[in-house]
Structure formats: C-alpha cells, structure tokens
Amino acid sequence: MRKILTFAVLLLIVVVAVFRQRIFLRDPLGKVERNGVAIDGARLFINFSNDVLVEEPGTERRYLVQGWDAVPGVPQVLGCLQGLVCWTDADHAATFPLDGRGTGTRATMSAKEVRFVDENGAAIRVELR
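Core analysis: the biggest nonpolar cluster contains 15 residues, and Val32, Leu44, Val52, Val54, Val114, Phe116 and Val126 have the highest contact counts within it. Those elements that place two or more of their residues in this core are β5 (52-56), β6 (61-65), β12 (113-117) and β13 (123-127). Here Val52 is in contact with Phe24, Leu44, Phe45, Ile46, Tyr63, Leu64, Val65, Val114, Val126 and Leu128, once residues within four sequence places are set aside.

So, in structure tokens, the structure goes:
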C-alpha cells in the first residue's frame, strides 16, 4: 500500500509539472471589482504564468485572461472541481473573445493586478495576492 501511495504522489507531481500552464488553482486572497465595486463571492483562479480565470457567482460568467495574448475571453473548454482547481484544454487555451472578434481592448496585466473591460463595457479589476 505504501508503494502505491508513493507512486501516486510522484505521478501527481509529474502531471502538475508538465501541465502547469493548463491547471488553475484557486486564489482565496484575490479580489475582483466591477466598476470599482467588489464582487462578493467571485472566485479567482491563477496558473503558473499568472493567467487569470474569474468566476462570478450566480451568473455563470467566466472570464479568462492569458498573458500571451492579453485578450479577455470566455474559455471554450474548461473543467473544474468545485471551487478548488480548473483546467483548460491547452497551454494557450481557446477562448471566445468578449468583443466577438478579439480586436478590442486588451487587458492590462502585471504581477499584482489585471484590468480589462467585459462584454457590457464594465471595467473589471482583479487584484492578485
């Protein structure tokens, strides 16, 4: 039993190391604001590259901002485990751009903050901790 458990832990470590760009872990200390007002209950997920995934409560809205293109969008393929971890289909996940074409305003990203405009024109600010 001990060997099986050790093998399972090592396998999990290898999978996480290989797919670190696809795996988004929950950031319980992060904040999300819409037009300067905090969104209560919003869940924030980040990956190894500080790409950001935001889930809004009750509305089923999900926004994904990736550092390689900085175009805010809705992920095409996303799997989640009840508020703990989410994963995408590829390192550069396929998204539906919020403006419909992907030619609109790009997100502003830093190590501590992400700012973008949603599909309704509201300013979204994500503070990472």
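We now examine the packing of aromatic side chains. The final tally for this structure, using the stated rule, is one aromatic pair. Pairing Tyr63 with Phe116 gives two aromatic rings, centres 5.6 Å apart and planes at 65°, and the pair type is edge-to-face. Taken as a pair, Tyr63 in strand β6 and Phe116 in strand β12 lie far apart in primary sequence, 53 residues in all. Accessibility classification places Tyr63 together with Phe116 in one group, the buried group.

What follows is about the side chain of Glu56. Tracing the chain through its elements places Glu56 in strand β5. Not counting chain neighbours up to four residues away, the residues in contact with Glu56 comprise Arg34, Ile39, Arg61 and Tyr63.

Another aspect to go through is the sheet that holds β13. In space, the five strands of this open sheet follow the order β3-β2-β13-β12-β11, with antiparallel pairing throughout. Each edge of the open sheet carries a strand with a single partner, namely β3 (37-38) and β11 (108-109).

Below, the discussion takes up the pairing of β12. The alternating pattern of β12 places Val114 and Phe116 on a buried face and Glu113, Arg115 and Val117 on a face that is not buried. Both β11 and β12 contribute to a ladder of two bridges, which runs antiparallel. If you follow Met109 over to β12, its bridge partner there is Val114. Here β12 hands over to β13 after five residues, with Gly121 in that stretch at a positive phi of 90°.

All right, on to the environment of Arg129 then. Along the polypeptide, Arg129 turns up in the segment after β13. When the C-alpha positions of Arg129 and Pro28 are compared, they lie 8.8 Å apart, and in sequence the two are 101 residues distant. In this view, Arg129 contacts Asp27, Leu29, Gly30, Lys31 and Lys112; residues no more than four positions away in its chain are not counted. A distance of 3.2 Å separates a polar side-chain atom of Arg129 from the backbone oxygen of Leu29. Within polar-contact distance, the side chain of Arg129 engages the side chain of Glu127 at 3.5 Å.

Calculation criteria
The residue numbering used here restarts from 1 in each chain and proceeds along that chain's sequence as written. The predicted nature of this model means local features are confined to residues of pLDDT at least 70 and side-chain atom pairs, given and counted, to a pLDDT of 80 or more, with totals for whole chains, interfaces and linings taken over all residues. Side-chain measures here rest on the full set of heavy atoms in the structure, leaving out hydrogens and waters. For our purposes a nonpolar core is just a set of buried Ala, Val, Leu, Ile, Met, Phe, Trp, Tyr and Cys residues, chained together by side-chain atoms within 4.5 Å. To sort residues, take the accessible area from a 1.4 Å probe on protein chains only and compare it with the maximum for the residue type: under 20% means buried, over 50% means exposed, and anything in between is partly exposed. Here a helix means four or more residues in a row that DSSP labels H or I, a strand means two or more in a row labelled E, and each is numbered from the N terminus. Here a residue-residue contact requires only that any non-hydrogen atoms of the pair lie within 4.5 Å. Pairing of aromatic rings covers Phe, Tyr and the six-membered ring of Trp, with a centre-to-centre limit of 6.5 Å; geometry is then stacked below 30 degrees between planes, edge-to-face above 60, and tilted otherwise. One bridge is not enough; two strands pair if DSSP finds at least two bridges between them. Definition of a polar contact: a pair of N or O atoms within 3.5 Å, with one able to donate and the other able to accept a hydrogen when the atoms are protein atoms, and with sequence-neighbouring residues admitted only if both atoms are side-chain atoms.

Any functional reading would require information that these geometric values do not contain.
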